[in-house]
Amino acid sequence: MASAQTVFPDAPREDRLPNGMRVISLRTDSPGIVAYYTLVGVGARDEVEPGHSGYAHLFEHMMFRGTERHPQADYEAAIQGFGADNNAYTTQDFTLYTVTAPSSVLAQVVELEADRFQNLSYTEEAYRTETGAVRGEYDTSAARPSTRMWETLSEIAFSRHTYGHTTLGYLRDIDRMPEEVAYSRRFFQRFYTPDNTTLIVAGDVDHDQLLALAREHYGRWRGRRARSRIQAEPEPTEGVRRHIDWPAPASPRMYAAWRTPAFVSGRTDAARAAALRDTAALRVVHGLLFSESAPLYQRLVVEDRSVIELGSWAGDHSIDPHLFVATAVLAEGAEFDATLGALQGAIDALAEGEVDAERVEAVKSHVRYALLTDMQTPSDVADMAARYIAVGGSLDALDGYLAALAAVTPADVSRVAGELLTESRRFVVTLARGSAE
């Protein structure tokens, strides 16, 4: 049983089937509704073979191709007949399949979902068709400056680790996918295994009923997850900067990122607690610098108007060391160097101890409140649980994170700013229409 009782109204219940699959129920006050989420521990991080990026995302598509028992059209007709919604998304660390349905059809949903995860079946023709859909998705995404900037930032920030490519994968690898049907089947067998899958059901759910259904329909599933030999990324020793000449009209914009530790790491409880403390302190830095009430935001966006949009990717957590990312869209005529200097200057001020203790407490309170208010529906609850299980290993990770957040002090903020958010650990990508830096 998990202990994350500080977040969820009722204590979560967790069991593990003999084949290694975890079954977690999160009961909420949502009469008649369940969110049935299937978390698979595979993402772009696991795409270690050169020339084969993008396969975790490809299987987000393939998993809707159906089985011999429930072909694609029958599966979709059943979901619609239930009055259910279904979807999926892929990240660098995991893939999540979602169904939200009336609790009265839980038994049918379990049977349907268990079948597709164990018995996915597709022809070479269907595979090729889906790779075409992925290529189309890439083309659509590539038309956005943000996609090109994220690709570039990933490449300059990670020279060895698989975080160096995005979840969509490299275009050259996507173009090779149609000829890789045999590889696709091996990829599925390596990662779609019971010990790599967690079933999370939130809402109007009876755990004992759920567990009995899971044993009945998933109990015969066999297989063990393959180990991904992911290379560790060396610590950065100097910053890297790259500029993109964009061929179409676009406001000048910038991504500035600093290498940060994993969400949680370490072999001892003390080491893991210290890592969580750093993660929580960095989350507070996001709030101190990039909220609309922050002095930096007020200066650049409200007073100078040199920046049109200023933000950061707060709340992004990862299994391995990743990035603290700040984003800015500049007004025409504004200079990248000046904006970057303002960002780094604000960080350096924190590192030197210019930390308002009252604002630290306000940010901590806001982050906790926002996290709790983000869990209004069974789907919200299941999604939140899945994301913390994926990067932290268990629901306890969420509880530990909130405890670490509550313990963050101004000294913690200064320490992470001074040790982690330095120019030598900084990666910058700028983009503007057709002009060199």
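Provided above is the structure to which this section pertains.
Read on for a plain summary of the structure. (Residues numbered from 1 in each chain as written. Predicted model: local features only at pLDDT ≥ 70, side-chain atom pairs only at ≥ 80, totals over all residues. Heavy atoms only, no water.)

1. Observations concerning the side chain of threonine 67
Alright, step 1. Inspection of the secondary structure puts threonine 67 in the loop between helix H1 (55-62) and helix H2 (72-82).
Alright, step 2. According to the relative accessible area criterion, threonine 67 is buried, its value standing at 5%.
Alright, step 3. One polar contact links the side chain of threonine 67 to the main-chain amide nitrogen of histidine 70, over a distance of 2.8 Å.
Alright, step 4. What threonine 67 contacts, discounting residues up to four positions off in sequence, is Asp115, Arg116, Asn119, Leu120 and Ser121. (Helix = DSSP H or I, 4+ residues; strand = E, 2+ residues; numbered from the N terminus. Buried < 20%, exposed > 50% of the residue type's maximum accessible area, 1.4 Å probe, protein only. Polar contact = N/O pair within 3.5 Å; in protein donor to acceptor, adjacent residues only side chain to side chain. Contact = heavy atoms within 4.5 Å.)

2. Quick word on the sheet that holds strand S9 (residues 307-312)
Alright, step 1. Strand order across the open sheet formed by 5 strands is S7-S11-S8-S10-S9, with mixed pairing between neighbours. Looking along the sheet, the strands with just one partner apiece sit at the ends: strand S7 (240-246) and S9. Taken pair by pair, the neighbouring strands of this sheet meet at an average axis angle of 15°, ignoring direction.
Alright, step 2. Strands in contact with helix H5 (residues 145-157) are S7, strand S8 (253-260), strand S10 (322-330) and strand S11 (426-433); relative to S11, the strand with the most contacts, it is inclined by about 150°. (Pairing = 2+ DSSP bridges. Axes fitted to C-alpha atoms, helices over the stretch in contact; angles between N-to-C directions.)

3. Quick word on helix H14 (residues 396-407)
Alright, step 1. For H14, spanning 12 residues, the distance from its first C-alpha to its last is 17 Å, which sits close to the expected 16 Å at 1.5 Å a residue.
Alright, step 2. Among the residues making up H14, those that are buried are Ala397, Leu398, Asp399, Tyr401, Leu402, Ala404 and Leu405. (Expected span 1.5 Å × (residues − 1).)

4. A few points about the packing of aromatic side chains
Alright, step 1. On inspection of all chains with the given rule, the structure shows 25 aromatic pairs.
Alright, step 2. Taken together, a centroid distance of 6.3 Å and an interplanar angle of 25° make the contact between phenylalanine 117 and tyrosine 192 stacked. Note that phenylalanine 117 is positioned in helix H3 (residues 106-119) and tyrosine 192 in the loop between helix H7 (181-191) and strand S6 (197-203), a separation of 75 residues in sequence.
Alright, step 3. Residue classification places phenylalanine 117 among the buried residues on the basis of a relative accessible area of 1%.
Alright, step 4. Taking the ring centre of phenylalanine 64 as reference, the NZ or CZ of arginine 116 above it sits at 4.7 Å.
Alright, step 5. In this structure, arginine 185 is placed above the aromatic ring of tyrosine 122, and the distance from its NZ or CZ to the ring centre is 4.6 Å. (Phe/Tyr/Trp six-rings, centres within 6.5 Å; stacked < 30°, edge-to-face > 60°. Lys NZ or Arg CZ within 6 Å of the ring centre and 35° of its normal.)

5. Here's the deal with the packing of helix H9 (residues 269-290) against helix H15 (residues 410-420)
Alright, step 1. Two numbers describe how H9 lies on H15: the axes approach to 9 Å, and their chain directions differ by 90°. One way to sum up the angle between H9 and H15 is to call them roughly perpendicular. Across the interface between the two elements, Arg277, Asp278, Ala281, Leu282, Val284, Val285 and Leu288 of H9 pack against Asp412, Val413, Arg415, Val416 and Leu420 of H15.
Alright, step 2. Of the residues that constitute the contact of H9 with H15, the class distribution is 8 nonpolar, no polar and 4 charged. (Parallel < 35°, antiparallel > 145°, perpendicular 65-115°, else oblique. Nonpolar A, V, L, I, M, F, W, Y, C, P; charged D, E, K, R; others polar.)

6. A word on the sheet that holds strand S4 (residues 85-90)
Alright, step 1. Overall, mixed pairing links the 6 strands, which are arranged S1-S2-S6-S3-S5-S4 in an open sheet. The open sheet has two edge strands, strand S1 (13-16) and S4, and neither has a second partner. Along the sheet, successive strands turn relative to each other by an average axial angle of 15°, direction set aside.
Alright, step 2. Judged from the 7 bridges that link them, strand S3 (residues 33-40) and S6 form a sheet pairing that is antiparallel. Looking across to S6, one finds that threonine 38 is bridged to leucine 199.
Alright, step 3. The strands touched by H1 are S4 and strand S5 (95-102); relative to S4, the strand with the most contacts, the crossing angle is about 170°.

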